[in-house]
Amino acid sequence: MSSAAKVPDPAAIGDRVRTEVERAIQRNIKGLEFLTATKQPVGAMANDLIVRRGTMALYRYRPLIDEVYRLPLLIVTPPSNKGYIFDLASGQSFVEFMLARGYDIFLLDWMPPRRDEAHLGLEDYLLDFIPFCIERVQEITGEPDLTLAGYCMGGTLAVMYAALHPDGPAANLLCFTTPIDFSHMRLFRAWATRDHFDVDRLVDTLGNIPPDLIFASFDMLRPAARLAGNIRLLDNMWNDEFVKSYRMFDRWATDALPLAGEYFRQTTKELMWKNGLMTGELAIGGRKVDLANIEVPLLHVVAEHDHIVPYEASKPLVQKVGSADKEEVVLKGGHISLVAGANAQKRLWPRLDRWLQERSL
């Protein structure tokens, strides 16, 4: 015996039709607005440029409350992208979240290297830029120690710096999706395999590596992602908040920076091909980069669905450092959504605040 088919509610059908018609209209109207709109503004929190020297720029964010933690927090951004991923807009800003909880935040950001800066290599980043910025933070705050944080390749630079300077002044190390074992950066290795990728010719011919080449390498990781993103955008064009968020994230993702030629050559050969950070064979300025030298408290946060830095590439960090106080946290999300967006607000930011509180006194 079959039951009678449920008769749809005519009122509900009418509401659904009216909703879809209105959305279709708004998609067309707002689609034209989207095509003619200027870049989505980013950067919510007031900051001061402390120093700019060549490709390096150090900023300090202005506090939101009077009482701040003793230890300042210095964030090292990846040289391939701008640092505003941490400060997209009010309500979507990691910087705003942490300032409201009393942290004194500095940001080491990068500018496009000039043609005459193509010679800049890992030694310049690790033995000049980062130490110089740390010294400025110490001078400004009057504190001998700080928490050093890094995202993606900014995290790799922070880790290498900490290994080369085990006696400080980094009192804590905070890393997000930081690659250590480059043998698991599979698509990047396939794209830049030494069988067909002549990195010397590329660098010697171009000097600095253009952002289009960097951006293309990221697109190769997920060839259909941009098309799928555009489809989601079209489907949600009626939703102003969705469009605003899409434009902010898309601006950051496509706002790639050129890379200094020698830095690119070294990271390709020493990290990607030789996997020197993982094997312990990497030397900077004649000194081995031994991760076991790192003994400060370490928190490494990785994304469960990171297609840029797979979990296997970042997993060895906690295993290889010599710290007694060390923790790995695996959170849902991707490479970007881990640190910014709605999921980061609920999962990552409160976790970082809890970890840093007692270690920033």
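One structure accompanies this document, and this report is about it. (Residues numbered from 1 in each chain as written. Predicted model: local features only at pLDDT ≥ 70, side-chain atom pairs only at ≥ 80, totals over all residues. Heavy atoms only, no water.)

Burial along strand 3 (residues 73-76) is two-sided: Leu73 and Ile75 and Leu74 and Val76, pointing in opposite directions, are all buried. Across four bridges, the pairing between strand 3 and strand 4 (residues 105-110) is parallel. Bridging from a neighbouring strand, Leu73 pairs with Ile105 of strand 4. Between strand 3 and its parallel partner strand 4, the chain crosses via helix 2 (residues 94-99), and the hand of that crossover is right-handed. Bridge count for strand 3 against strand 5 (residues 146-151) is four bridges, and the pairing is parallel. Bridge pairing in strand 5 places Leu73 opposite Thr147. (Buried < 20%, exposed > 50% of the residue type's maximum accessible area, 1.4 Å probe, protein only. Helix = DSSP H or I, 4+ residues; strand = E, 2+ residues; numbered from the N terminus. Pairing = 2+ DSSP bridges. Right-handed = clockwise from strand over helix to strand, strands pointing away.)

In this section: the nonpolar core. By size, the foremost hydrophobic cluster in this structure holds 100 residues, and its most contacted members are Phe86 and Leu173. For this core, the leading source of residues is helix 4 (residues 153-164), giving nine residues. Once residues lying within four places of it in the same chain are set aside, the contact partners of Leu173 are Leu148, Ala158, Val159, Ala162, Ile294, Val296, Pro297, Leu298, Leu299 and Trp355. (Core = buried A, V, L, I, M, F, W, Y, C linked by side-chain atoms within 4.5 Å. Contact = heavy atoms within 4.5 Å.)

A full pass over the atoms with the stated rule returns 18 salt bridges. In this structure, the salt-bridge partner of Glu304 is Lys332, at a minimum N-O distance of 3.6 Å. Pair noted here: Glu304 is in the loop between strand 9 (298-303) and helix 12 (311-314) and Lys332 is in the loop between strand 10 (326-331) and helix 14 (342-346), with a separation of 28 residues, a long-range link. Residues participating in the shared-partner salt-bridge network are Asp200, Asp204, Glu262, Arg265 and Lys269. (Salt bridge = Lys/Arg side-chain N within 4 Å of Asp/Glu carboxyl O.)

Interhelical geometry of helix 3 (residues 122-141) versus helix 10 (residues 261-273) gives an angle of 105 degrees and a closest axis separation of 7 Å. With respect to helix 10, the element helix 3 is oriented roughly perpendicular. Note on element contacts: helix 10 touches helix 3 through Tyr263, Gln266 and Thr267, opposite Leu122, Glu123 and Tyr125. Here the contact of helix 3 with helix 10 is composed, by residue class, of three nonpolar, two polar and one charged. (Axes fitted to C-alpha atoms, helices over the stretch in contact; angles between N-to-C directions. Parallel < 35°, antiparallel > 145°, perpendicular 65-115°, else oblique. Nonpolar A, V, L, I, M, F, W, Y, C, P; charged D, E, K, R; others polar.)

Quick look at unusual backbone geometry now. For the bond running from Gly168 to Pro169, omega is 10 degrees, close enough to zero to count as cis. With a phi close to 40 degrees, Thr177 is a non-glycine residue in the positive phi region. Tracing the sequence through the fold places Thr177 in the loop between strand 6 (170-176) and helix 5 (186-191). Overall, Thr177 belongs to the buried group, its relative accessible area being 1%. Residues other than glycine seldom take positive phi values, yet Asn275 does so here, at roughly 55 degrees. Along the chain, Asn275 falls in the loop between helix 10 and helix 11 (276-279).

For strand 5, a buried count of six out of six residues is recorded, marking the element as mostly surrounded by other parts of the structure. Residues Leu146, Leu148 and Gly150 point to one face of strand 5 and Thr147, Ala149 and Tyr151 to the other, with burial holding for every one of them. Strand direction decides the pairing type here: strand 5 and strand 6, joined by six bridges, are parallel. Bridge pairing links Leu146 to Ala170 in strand 6. A crossover connection joins strand 5 to the parallel strand 6 through helix 4; in handedness this β-α-β unit is right-handed.

Relative to the helices and strands, Leu88 is located in the loop between strand 3 and helix 2. The buried category is assigned to Leu88, whose relative accessible area is 1%. Placed 44 residues apart in sequence, Leu88 and Ala44 show a C-alpha to C-alpha distance of 6.4 Å.

Let's shift gears to the sheet that holds strand 5. Two pairing modes exist for strands in a sheet, parallel and antiparallel, and in both the strands are linked by backbone hydrogen bonds. Across the sheet, which stays open at both edges, the eight strands sit in the order 1-2-4-3-5-6-9-10 with mixed pairing between neighbours. The outermost strands of the open sheet, each flanked by one partner alone, are strand 1 (47-53) and strand 10. Pairs of neighbouring strands in the sheet enclose a mean axial angle of 20 degrees, with direction left out of account. In the packing of helix 3 onto the sheet, the strands contacted are strand 1, strand 2 (56-61), strand 3, strand 4 and strand 5, and the crossing angle to strand 2 comes to about 25 degrees.

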